[in-house]
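What follows is the residue order along each chain.
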Amino acid sequence: MPASRTTAPLASSLDDPARARDLARMKRLATSLFLVAAAVFLGCVLLGEEAGAWVGYVRATAEASMVGALADWFAVTALFRHPLRLPIPHTAIIPRKKDQIGASLGTFVQQNFLTRDVVEEKLTTIDVPGRLGQFLAAPGRAERLARDASAVVTALTELLRDEDLEPAVAALVERKLQQTPAAPVLARVLELVVEGDRHQEVLSAGLRLLSRFLEENRVVFRAQLGDASPAWVPDWVDDRVFDRVFAGVQKFLDEVSEDPRHELRRSYDARLRAYVHALRTDPATAARIEALKKELLEHPAVRTWSGSLWTNVKNAVLVAAADPASELRARVTGLILELSVRLRSDPTVRELVQRHAHSIAGYLVERFSADLADLVSSTVQRWDTEETSRRIELQVGRDLQFIRINGTVVGGLAGLAIYTVAQLIG
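These lines cover the structure that appears in this document, whether it is placed above or below.

## Thoughts on the packing of helix H1 (residues 17–47) against helix H19 (residues 385–425)
At step 1: H19 packs onto H1 with a crossing angle of 15 degrees between their chain directions and a minimal axis gap of 9 Å. Comparing the axis directions of H1 and H19 gives the class roughly parallel. Regarding H1 and H19, the two cross each other, and that crossing is left-handed. Here H1 contributes Arg19, Ala20, Asp22, Leu23, Met26, Lys27, Leu29, Ala30, Thr31 and Leu33 to the contact with H19, which in turn contributes Glu393, Leu394, Gln395, Gly397, Arg398, Gln401, Phe402, Arg404, Ile405 and Thr408.

Right, here's the structure in full:
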């Protein structure tokens, strides 16, 4: 018997005590029938033909039963081991051919089960989106999946080193910003502001802030006027001039702030729109914005921010993932529940999932069928030879014992028939 290359054990589920008891019982039954036939044959020999013609019939039946029992015992035993431990050719088939059996089994599975046609035909009988939707809609399933997703995110971040990712993320952000032209982006932002009339709201807010700033610093401005005024000008004159100028400025700010059609607003709107146009069409304006962007990206504060971006985002995600009541967990749970509903009720989503399930399954089968077949054959090759033979016998040996029983019975009947025909002819 060839030696096994390894002694990897088989799955413990194959070692079933109940099967072992059934196999032993069937072996005893088959052996008992053989012994009964042998005892009957011996009795007939001892009685001799003088006891009557019936002895010949019984003897022929018992003799044929023993031959059938022995022949089938030899055939069944030869599958798993050498009968009587004799190295008879073409016996111990399973131990000798274990590796070939594994390779054949892998090829059989690959060619008859792991094919695109077989898998796609099976999928046509399965409501993939419906089953997936029912799975996701099970009570508590969405919450558990959200929790599991959070655990996966946490485990993934623990595997990644901050000192490796921080420079990489910073470089990625800076590279993307450097590659993105600033002028078109700024132009689009300003267009959105102008289209929503937000620029006028910004102007109004700015004018109100300016008015309040002037009022809060009125004394400061008056002192500045006093310092700049000639010494021979009386203070009451400075007060009159300052009050009139200050009141005029405040009145002007209030007028512009309150009047949506003020000339200053129209000029402001026209200049802003012209600047947006220049951002899109004037290379010099675009170059100035690009230079400003470059200067901003090279600022130490911006570099520090981009370097800490990964850590900040990671910490925020981890805190949200660990908190069952966080918005992140709630959103993930909600998305899973919404997906479960769509998988069961939305025809477009159902058709899309069913179609892609066929494509994905077909691709996986074509891509990995050879690997799965190799997994089967290599796993069988790693099994211990004697253990493999014993476990296979444990699985199918009970049924094989019926071959011995049938051989005993059928052999006896065949022997009886042959002896009877011989007697009739003779």
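Now that the structure has been shown, the text picks up again.
## Notes on a negative patch on the surface
At step 1: A cluster of acidic side chains, namely Asp254, Glu255, Glu258 and Asp259, defines a negative patch on the protein surface.
At step 2: Relative to the elements of secondary structure, Glu258 occurs in helix H12 (residues 235–258).
At step 3: According to the relative accessible area criterion, Glu258 is exposed, its value standing at 64%.

## A few points about the pattern of salt bridges
At step 1: Inspection of every chain in the model, using the stated rule, returns 19 salt bridges.
At step 2: Notably, a salt bridge pairs Lys27 with Glu393, separated by 3.1 Å at the nearest N-O pair. In this pair, Lys27 is assigned in helix H1 and Glu393 in helix H19, connecting sequence segments 366 residues apart.
At step 3: Assessed through its relative accessible area of 29%, Lys27 is described here as partly exposed.
At step 4: Taking relative accessible area as the criterion, Glu393 reaches 5% and is therefore assigned buried.
At step 5: Put simply, Glu195 and Arg188 hold a salt bridge, and the shortest N to O gap is 3.9 Å.

## Describing the environment of Glu174
At step 1: You can see Glu174 is positioned in helix H8 (residues 162–179).
At step 2: Separated by 21 residues in sequence, Glu174 and Glu195 have C-alpha atoms that sit 30 Å apart.

## Here's the deal with the packing of aromatic side chains
At step 1: Counted under the stated rule, the structure contains two aromatic pairs.
At step 2: Both rings, one in Tyr57 and one in Tyr419, keep their centres 5.0 Å apart while their planes meet at 85 degrees; by these two values the pair is edge-to-face. Here the residue Tyr57 occupies a position in helix H2 (residues 54–80), and Tyr419 occupies one in helix H19, the gap between them amounting to 362 residues.
At step 3: Relative to Phe113, the ring of Phe108 has its centre 5.8 Å away and its plane inclined at 70 degrees; by these criteria the two rings are edge-to-face.
At step 4: The exposure class assigned to Phe108 is partly exposed, which follows from its relative accessible area of 45%.
At step 5: Overall, Phe113 belongs to the partly exposed group, its relative accessible area being 47%.

What counts, and where the lines are drawn
- Residues numbered from 1 in each chain as written.
- Predicted model: local features only at pLDDT ≥ 70, side-chain atom pairs only at ≥ 80, totals over all residues.
- Heavy atoms only, no water.
- Axes fitted to C-alpha atoms, helices over the stretch in contact; angles between N-to-C directions.
- Helix = DSSP H or I, 4+ residues; strand = E, 2+ residues; numbered from the N terminus.
- Parallel < 35°, antiparallel > 145°, perpendicular 65-115°, else oblique.
- Left-handed = near helix turned anticlockwise from the far one by under 90°.
- Contact = heavy atoms within 4.5 Å.
- Patch = residues over 30% accessible without salt bridge, like charges linked within 9 Å, V, L, I, M, F, W, Y side chains within 5 Å.
- Areas by Shrake-Rupley, 256 points an atom, 1.4 Å probe, with all protein chains shown as cover.
- Salt bridge = Lys/Arg side-chain N within 4 Å of Asp/Glu carboxyl O.
- Lys, Arg positive; Asp, Glu negative; His and termini not counted.
- Charge placed at Lys NZ, Arg CZ, Asp CG, Glu CD.
- Buried < 20%, exposed > 50% of the residue type's maximum accessible area, 1.4 Å probe, protein only.
- Phe/Tyr/Trp six-rings, centres within 6.5 Å; stacked < 30°, edge-to-face > 60°.

It is worth stressing that arrangement in space is one thing and function is another; only the former is reported here.
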